[in-house]
Amino acid sequence: MDSITLTADLVALAKISAFVTAAAELTGLDERATWQVQLAVDEAATNVIQHAYDPDHPGDLTLTWRCEGNRFIVALRDYGRQFDPQHVPPPDLNSPLEERQVGGLGLYLITRLMDEVRFDFNPQGGNLLTMVKYLTTGPRDDVAILPLTGRVDAVTAPQVNREVHAQIGAGARFVLLDLAGVTFLSSSGLRALLLIRKELMTLGGELRLTGLQPQVYEVFTLTGFTQVFAIHATVDEARTSFGLKHA
Amino acid sequence: MEIEHRRFNRVDMLVVSGRIDAATSPQLKQRIEALFETGRYRIVFDFAQLAYVSSPGLRVLIEARKKARDWKITDLEGGDIRLANLPPRIKEVFDLTGFTSLFELYSDTVTAVGSF
């Protein structure tokens, strides 16, 4: 789970768009599904920005996302006036130009682009709009083993990221990095592994490491990161530790 | 969002790139109004580089078209807003909202400009 809180003004739109696009891409939504999510969230955020608060005193807007199985869930919360979707006029999709009304298009797009849409309100929590997009490929429930070789440093970290993200995009959630072939790990490399670990946890998954050569293990002990990462002596031991049925 | 303007003899062309959303649509509206104010009511939009449009953008376009068509040079000839080079995603938003039937759409700007 990850979230962002911004003041509900127009400047927030670009940030919200970037945030949710990155989340959708990380989760493995394809290009079209990512665009659909981006547009739905933009319309929802626009509604909050334009209607929730007094324009001179905009309050906050919080966007949260998480992944549960094959459901990509986005929630938008504001503390402004209560929003009742029943009060929004149904969209006019057919009238000729001169008579065409443009109200209700934003809400209509949200319901067409997302697979599930729910509006909740209570006086303490404010408005909560929950939207779900289904992933076409369900997440894998087995361990994806990725061998790394050579140096893991500032130069090679982008390539490592690409490889892991490709696995995530194909559904991997439980990733074991086999570092048996890694001869050198710098702090940049460590940072990259830390980020991958965080991303997998945000998706409800896990990162484990195995095969660390002594000089690589030493980087972890020196920086205290043996406390943070799950490091295993063998691939089999790591596999079992995931605790999965099909590890 | 960036808007590039090209002036032809009878028609003006606006090349829009980037995003038309709630934040940028006022700027688009202003640009169109600026042309209307100088008596120019025939506009072609080149959307080849348009990455994204949301409902506030659609609202600006439909209101502009209504206003352009209201302006008549003679009883036979009037203003209009015509659209060219819609990328697939933009076309999809138009289809979803029933906007495809509200505009004349062209697959290239030469034909669009020549249609006036």
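Relevant structure appears above.
Conventions used here
Residues numbered from 1 in each chain as written. Chains lettered and ligands numbered in written order. Predicted model: local features only at pLDDT ≥ 70, side-chain atom pairs only at ≥ 80, totals over all residues. Heavy atoms only, no water. Pairing = 2+ DSSP bridges. Helix = DSSP H or I, 4+ residues; strand = E, 2+ residues; numbered from the N terminus. Axes fitted to C-alpha atoms, helices over the stretch in contact; angles between N-to-C directions. Salt bridge = Lys/Arg side-chain N within 4 Å of Asp/Glu carboxyl O. Buried < 20%, exposed > 50% of the residue type's maximum accessible area, 1.4 Å probe, protein only. 1 Å grid on protein atoms, 1.4 Å probe; cavity = no way out; pocket = protein on both sides within 12 Å on 5 of 7 lines; lining within 4 Å. Points joined across faces, edges and corners; volume = space filled by probe spheres on them. Nonpolar A, V, L, I, M, F, W, Y, C, P; charged D, E, K, R; others polar.

Enquirer: Can you tell me about the sheet that holds strand 4 (residues 116-122) of chain A, naming the residues and giving the values?
Expert: Hydrogen bonds between backbone atoms are what pair the strands of a sheet, whose relative direction is either parallel or antiparallel. Residue and element names in this part refer to chain A. As summarised here, the arrangement of the 5 strands in space is 1-2-3-5-4, forming an open sheet in which the pairing is antiparallel. Two strands lie at the open edges of the sheet, namely strand 1 (2-7) and strand 4, each paired on one side alone. If you compare each strand with its neighbour and ignore which way they point, the axes differ by 15 degrees on average. Across 8 bridges, strand 3 (residues 71-78) lies against strand 5 (residues 126-134) in antiparallel orientation. Bridge pairing links alanine 75 to threonine 130 in strand 5.

Enquirer: If you had to explain the pattern of salt bridges to someone new, which residues and values would you point to?
Expert: Going through the model one piece at a time under the given rule, you end up with 21 salt bridges over all chains. The closest approach of N and O atoms between aspartate 42 of chain A and arginine 19 of chain B, which form a salt bridge, is 2.9 Å. Taken together, the residues span two chains, with aspartate 42 of chain A in helix 2 (residues 31-51) and arginine 19 of chain B in strand 2 (residues 12-20). Between lysine 91 of chain B and aspartate 95 of chain B there is a salt bridge, with its nearest N and O atoms 3.2 Å apart. Here lysine 91 of chain B and its partner aspartate 95 of chain B are both found in helix 3 (residues 88-96), 4 residues apart, which amounts to about one turn of the helix. Its relative accessible area of 32% is what places lysine 91 of chain B among the partly exposed residues.

Enquirer: Describe the pairing of strand 4 of chain A, with residues and values.
Expert: Residue and element names in this part refer to chain A. Here 7 bridges tie strand 4 to strand 5, and the two strands are oriented antiparallel to one another. Within the sheet, the bridge partner assigned to arginine 118 lies in strand 5 and is threonine 130. If you look at the hairpin formed by strand 4 and strand 5, you'll find 3 residues sitting between the two strands.

Enquirer: Just give me the short version of the layout of surface pockets, but keep the residues and values in it.
Expert: The space that makes up the largest pocket amounts to roughly 510 Å³. Forming the boundary of the largest pocket are 26 residues, of which Asn47, Gln50 and His51 of chain A together with Ser55 and Arg59 of chain B lie nearest the centre. Elements with a contribution of two residues or more to the lining of the largest pocket: helix 2 and helix 3 (105-113) of chain A together with helix 1 (25-37) and helix 2 (55-70) of chain B. Sort the elements by how many residues they give to the lining of the largest pocket and helix 2 of chain B lands first, with 6 residues. Here the lining of the largest pocket is composed, by residue class, of 12 nonpolar, 10 polar and 4 charged. In this structure, the second largest pocket spans a volume of roughly 250 Å³. For the second largest pocket, the lining is made up of 17 residues, of which Asn47, Val48, Asp78, Phe83 and Asn127 of chain A are closest to its centre. Its residues assigned to classes, the lining of the second largest pocket comprises 10 nonpolar, 4 polar and 3 charged.

By themselves, these are just geometric observations and shouldn't be taken as functional.
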